[in-house]
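# Breakdown of the fold
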Amino acid sequence: MDEVGWEVDSDDESSGVAELIGRQIKFWREAAGLRVVQFGELMGYGENLIHKVERGARIPRPEFLDRADEVLNAGGHLVSLKPDAEKVRYPKKVRDLAKLEAQALELCTYNNSVIHGLLQTEEYAQAEVRNRQPPFPEEEVERRVAGRMARQKIVDSTSGLPVFSFVQCESTLRRSNGGTMVMRGQLEHLLEVGQLRNVTIQVLPLDREENAGLGGPLTLFKLKSGTTLGHLEVQLISRVISDPRELQILEMRHGMIRAQALGPRESLDFIEKVRGKT
């Protein structure tokens, strides 16, 4: 095996946790009287990658910590680090969005280029991430898709919160991202998620003469604290909006977009018709 885990982001949170885990692994390895090469052989990994983990350059996967705990007779100490590794395994932008989503009572979005990440199937997400130029290494594709899938747990919350309002431009339903079968599966997934009581999916048809969403995608987080934050992402820029004047504009635009879109029931019928032609 040649993959121990995920590359560490440059932010302090990720690198600090990775270094802590690395020090613990090194402590238990040395306590077991093993050199790095010996430990690597027992684990089934190369010496170089073991060094990377121990110095905090890579975040170990859960299965690595399970195996290391067994090999080093750590009595569960290394296994107990899995939740810490899980928290920082994904890119910082993904972790930041997940934190906002976890604090939201209501999440409102509009997308005109792709299906929103919280609604994507794994196959669709893989196709989207692989379309990126310059291309990501395969390991980074896996990491980003896994992070996106992990964020979707909030949509399946049995508590019924947060409440989601997704508006998708018709173009996102017809753009063949990943090919016909991937898009068919994606459209079927939208129909399933659209049945959840805390989820509203609307479609803004291309033949509408009025479209307040020409400025691009947007997201609004209405938090449990009573405050509202926005998020905009275009090309290389990902920005959280907190300025009250800018938020006022975004809320106005999203309200107009929802009014211009088809109603929820009409939208699901529309998605069904597109799926039937895919």
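Look a little higher up for the structure.
## Here's the deal with the nonpolar core
One recurring pattern in soluble globular proteins is that nonpolar side chains are buried together. By size, the foremost hydrophobic cluster in this structure holds 30 residues, and its most contacted members are Phe-164, Leu-173, Leu-190 and Ile-271. Elements supplying a minimum of two residues to this core: α6 (92-103), β3 (104-111), β4 (163-169), α10 (180-193), β5 (199-204), β6 (218-223) and α12 (264-276). Sorting elements by how many residues they give to this core places α10 first, with six residues. Of all hydrophobic cores here, the second largest spans 23 residues; its members include Phe-39, Phe-64, Ala-68 and Leu-72.

## A short note on unusual backbone geometry
Residue Pro-134 is bonded to the preceding Gln-133 through a cis peptide linkage, with omega at -5 degrees. Here Pro-134 lies in the loop between α7 (122-130) and α8 (138-151). One non-glycine residue, Asn-73, lies in the positive phi region at around 50 degrees. Tracing the backbone through its elements, the reader meets Asn-73 in the loop between α4 (62-71) and α5 (82-88). If you check the backbone angles, Gln-235 has positive phi at about 45 degrees while not being a glycine. Secondary-structure assignment places Gln-235 in the loop between β7 (228-234) and β8 (237-241).

Each value, and the rule that gives it
Residues numbered from 1 in each chain as written. Predicted model: local features only at pLDDT ≥ 70, side-chain atom pairs only at ≥ 80, totals over all residues. Heavy atoms only, no water. Core = buried A, V, L, I, M, F, W, Y, C linked by side-chain atoms within 4.5 Å. Buried < 20%, exposed > 50% of the residue type's maximum accessible area, 1.4 Å probe, protein only. Helix = DSSP H or I, 4+ residues; strand = E, 2+ residues; numbered from the N terminus.

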